Structures are given as C-alpha cells and as structure tokens.
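The primary structure of each chain is shown beneath.
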Amino acid sequence: MDSSQIETGAPLSIEIAQIASPSTTLSPSSTLSHRIPKDAVRTSLSASTIDGVFAALFSIGTGAILLGNFLVELDASPVVFGMVSSIPMLVNLFQPMGAYLSERSTSRFQYSLRTHGIGRLLWLILVIGIVSFSWGGLNSNQLVILSLLILVCSNFLGGLGAASWLSWMAMLVPRQLRGRYFGLRNSLANLTELVGLPIAGLAVSHWYGGAIQGYGVVLFLGIIFGIVSLGCQYFQVDINPQLQNTYYANSSQTSEIQSDLAPNKPGEISEPISLPQMPTPQNQIDSSIWKNSNFLVFLLYFGSWTFAVNLSAPFFNLYLLDTLDLDVSWVTFYNSLRAGAHMLMLIVWGRLADKIGNRPILISNGLLIAVIPWLWLKMGSSPLDLWLWLPLLHIFIGANWGGVDLCNNNLQIEIAPVKNQSIYFAIAAAVAGASGALGATIGGFIAQFAGSFGIAEVFIVSGVLRLASLVPLIVKKDLGS
C-alpha cells in the first residue's frame, strides 16, 4: 500500500508504543538539515496503527457484510449487490484527480480531513434515513436508493484522498520494516474486525426494533469510530507534498528518503513551510509513466486480477444470505474466521515478503486464490457444509488473501518513483477500480438474468481469469525485489 521510505539511521522497533505528546514544530533550517527523529517516526507509525484499528471499526458498519444484510432486509435485487461492490472501485477513476489536488496542497493531514472526514460524516444521512424509514417517512426502495447515493459520495471523497494517504505512509515507513510494519498494522485491524464483526452481527440480528434499526445503531457507532481514527493522524509527522516534489524532482527511484520532507513534528499541524515550487509539466509526467515498464506490467496484472476477482466476489455473501437463507450472525461468524486467518497470516507474509520479495508470494497465493470460486460451487446447506466446509473455506480465503493484499501494496511502493508519487498510486487505483467495477457489474447482470446456472458460470469463468491474470507476474521476473 505505499511507496518509498525514510532512513532513520538505526533499526526501528514496531511495537505499539504510547503516543507521545505533541512537541515543538521543527524550524525550516532544522528540517532541511536533519532526518526525522527516530522517536517521531515511531510515534507516527504507532498513531497510524491505532488509526487502522478505529478505521476497521468504521468499516464494520459500512462494509459489505452488514450493508449487504441491510439491503437483503430491504429486498434489494442482485444488480444492487453488484453496484454495491462496483461503486467503491468505480470511484477510483477519480483518484488521479485527487492525487493532482493533493500534490497542490501543503499538508497531507489537512487534505485527509477534507476528504475522508467529510466522506465518513455523510453516512449520518443514512442513519437519519433509517430513522425516517422506521417512522414511515421512507419506503424500502427509497432507502435502497439513498444507501447507494451515500455509498457513491462517501467513496468518491475517499477516493480523492486515498492516493495522498498512501504517499504519506510511504514516506513514513522505513524500507527495511515495510513488510513487517504493514503486516502488523493490518493484522491488528483484522483482529479488530475478528472481534467486532460478530458482536455487530449479533446486535443487528437481535435488535429489539428489527435488523434495519439495529444496523442504524451499529452504523452510527461506526461513524464515531471513523472520526476518532482520523484524529489519530494528528500525531503523525505531517508532510508537505510540494516539498516532496521539489526536493526529489530529479529522483526516479524509491530508495532512501531523508527527513527534510517533514515540516512538522507529530501533533503540530501548523502550516508546513513552503519552498519555491518547481512544477513538472503534465506531459513530462505522462512520458515517465509510459517509460516505466515495471509500472505498466503491474497495471496489466493489477487490472486483470481485479476484474477476475470481482466478477464473482460480490455474490459469495449474497449466496449465504439469500440462497442458503442463513442468519446474518452466521455470515458474520464465517467472515470473522476469515478475518482471524487473515490477521494471523499477515505477520507471516510480512516477514516473508521482507526476505524473499513480493512477487513470489503474489504468484503462489494467486494460484491458490484462483480456485476459490470453484470451491464455492461445492458449498450447500447441509450440516457438514455449514459446520465444516464453509468455515474451512473462509479460513483458507483469509490466510491467502493476507499475502496478496500486503504484497500488492508493497509492490506499488517499490515501482513508483518518489516524485509525484501519489499520481502513480492514483493511476493504479483508477485502473483497478474501473476493471473491478466492470467485473462486478457484469457478474451482477449475469447473476440476475441467468438464474442459478448463471452464478455457477460466473464462478467458473472467474477462476479461469484469475489464473490468466497472473501471467504478467510470471513473465516479468525482475518486477520489484
């Protein structure tokens, strides 16, 4: 998930230390002549880890499981489920615009507040809509439409800020700790989901006012946690994108980044110092992208992989909730098993990625993930399936997806140059978003208009395309490290 790094002069511990209190702002002269202090980097990484935990609590309320069950309660069609999966990816087409805007800001932190902060607060409108539905002010179709509108607007704003956040973290995480740190951060986020998702599922299914009202309560709590997570970013070393692009205007690698990019110490969010801008012409940026063969190969792999995955992925939970008619508490239990396996294996994948590189893990895990849609074809509603095969399948999915998620993000960091870094991240997200949304939309229409055989057909094709998408990684042996 990020690109490049800061050398701190000594190995860093990635233990979650207590957040230090804000200290004085670095003067311009000191920021230009010293690296970011080791303690400041530790504090930033600790704050980001806590940010990830609270963000996971927010995602429980707005994520696919509970939102999907909410839409099932409203009798939404399979096309709606396809749209729910495709919207977060489709809005990634606007990430290049977000990257362009972020590179002209003077603070990563303030830009994050303007994008992610407003995007998370928008979910309050859906909470109000659920209250109105309970009182008879809205019908189910109107509430479905409102949910989709909120999903579009919130993810649009999140997409505008995603590349900037990724670039921010890329500058803070030391190269030698990248796999281990993100493995730890993501593992703790998954632990939060592992514990929180079943509790939220039980609360929704057993809420005295019904599942729809229960979802409204869980969603409201999730919004509060989401705002708290943004508050944790206050304690991260802020970075001025204009300084980043100015000082590294001639850099084309992601090797070692010094600390003079950080105008502020943790907690001091005064306006970062400004230096004379050295803007790069847009055609020069375009030229550097087209000459970066590693980046182009990664785009080919990432786009085709996302299309193949999302052709079938949106319909796994729909199959459990609708076809097998399982209670949402069972579905959240299965997904918690997946989150637990994901959490445990992330640390393993992180350490392994630091030793052998990201590409071998992506290939081996990708081969295993390719067969997952075919395994779903064997799932039914018998007691053996419900108590043995479905839990094992979710554990298998979580364990292998941990390596793919982690290494996809790390590989982006390795191949994106320092200058205009967020532009590269945004382009990758836009390609993946467009292809993923296309896959989910096509899968949704096939699932609705071709019946149960159509869903089976989608699963079969998805497995084949997942295998085919790994070809660029296999052929390009020098991709990444």
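Check the entry above for the structure.
Quick notes on the rules
- Residues numbered from 1 in each chain as written.
- Predicted model: local features only at pLDDT ≥ 70, side-chain atom pairs only at ≥ 80, totals over all residues.
- Heavy atoms only, no water.
- Helix = DSSP H or I, 4+ residues; strand = E, 2+ residues; numbered from the N terminus.
- Buried < 20%, exposed > 50% of the residue type's maximum accessible area, 1.4 Å probe, protein only.
- Contact = heavy atoms within 4.5 Å.
- Phe/Tyr/Trp six-rings, centres within 6.5 Å; stacked < 30°, edge-to-face > 60°.
- Lys NZ or Arg CZ within 6 Å of the ring centre and 35° of its normal.
- Polar contact = N/O pair within 3.5 Å; in protein donor to acceptor, adjacent residues only side chain to side chain.
- Axes fitted to C-alpha atoms, helices over the stretch in contact; angles between N-to-C directions.
- Left-handed = near helix turned anticlockwise from the far one by under 90°.
- Nonpolar A, V, L, I, M, F, W, Y, C, P; charged D, E, K, R; others polar.
- Parallel < 35°, antiparallel > 145°, perpendicular 65-115°, else oblique.
- Expected span 1.5 Å × (residues − 1).
- Bend = angle between axes of the 7 residues up to and from the residue.

> Would you mind going over the overall build of the chain with me for this structure?
Within the chain, the regular secondary structure consists of 21 helices and zero strands. The proportion of buried residues among the 481 residues of the chain is 56%. Taking all contacts inside the chain whose residues are at least 6 apart in sequence as the whole, residues at least 24 apart take part in 88%.

> Where do I start with the packing of aromatic side chains in this structure?
Aromatic ring pairs: the centre-centre distance and the angle between the two ring planes describe each pair. Applying the stated criterion across every chain, the model contains 14 aromatic pairs. Ring pairs connect the aromatic residues Phe298, Tyr301, Phe302, Trp305 and Trp401, which therefore count as one cluster. Here the basic side chain of Arg104 rests over the ring of Tyr100, its NZ or CZ set 3.9 Å away from the ring centre. Against the face of Phe58 rests Arg120, its NZ or CZ located 4.9 Å from the ring centre.

> What's the story with the side chain of Ser147 in this structure? I'm lost.
Tracing the backbone through its elements, the reader meets Ser147 in helix H8 (residues 140-172). A residue is classified by how much of its surface remains accessible, and Ser147, at 5% relative accessible area, is buried. A polar side-chain atom of Ser147 sits 2.8 Å from the main-chain carbonyl oxygen of Leu143. Not counting residues within four places of it along the chain, the set of residues in contact with Ser147 comprises Phe70, Leu71 and Leu126.

> Before we go on, may I ask you to explain the packing of helix H15 (residues 328-356) against helix H18 (residues 383-415) in this structure?
Two quantities define a packed helix pair, namely the angle between the helix axes and the distance between the axes. Across the interface, H15 lies against H18 with an axial gap of 6 Å and an inter-helix angle of 35°. Seen along the crossing, H15 lies across H18 with a hand that is right-handed. A class-by-class count of the residues in the contact of H15 with H18 yields 18 nonpolar, seven polar and two charged.

> What am I meant to see in the environment of Ser304 here?
Along the chain, the position of Ser304 falls in helix H13 (residues 293-312). For Ser304, a relative accessible area of 27% gives the class partly exposed. Looking at Ser304, its side chain comes within polar contact range of the main-chain oxygen of Leu300, at 2.8 Å.

> Help me understand the packing of helix H6 (residues 108-121) against H8 in this model?
At their nearest, the axes of H6 and H8 sit 8 Å apart, and the two run at 155° to each other. Here H6 is positioned roughly antiparallel relative to H8, judged by the angle of their axes. Remark: the crossing between H6 and H8 carries left-handed chirality. For the pair H6 and H8, the contacting residues are Arg108, Phe109, Tyr111, Thr115, His116, Ile118, Gly119 and Arg120 in the first and Ser154, Leu157, Gly158, Leu160, Gly161, Ala162, Ser164, Trp165, Ser167 and Trp168 in the second. Tallied by class, the residues present in the contact of H6 with H8 amount to eight nonpolar, eight polar and two charged.

> What's the story with the environment of Asp325 in this structure? I'm lost.
Residue placement: Asp325 occurs in the loop between helix H14 (315-323) and H15. Residues Asp325 and Ser381, 56 residues apart in the sequence, show an inter-C-alpha distance of 8.9 Å.

> Teacher, can you tell me more about helix H9 (residues 178-205) here?
Because each turn of an α-helix spans 3.6 residues, side chains separated by three or four positions end up pointing in the same direction. When the terminal C-alpha atoms of H9 are compared, their 39 Å separation across 28 residues agrees well with the 40 Å that a helix rising 1.5 Å per residue should span. The sharpest bend along H9 comes to roughly 30°, located at Gly196, with the proline Pro198 sitting one to four residues further on.

By themselves these figures say nothing about function.
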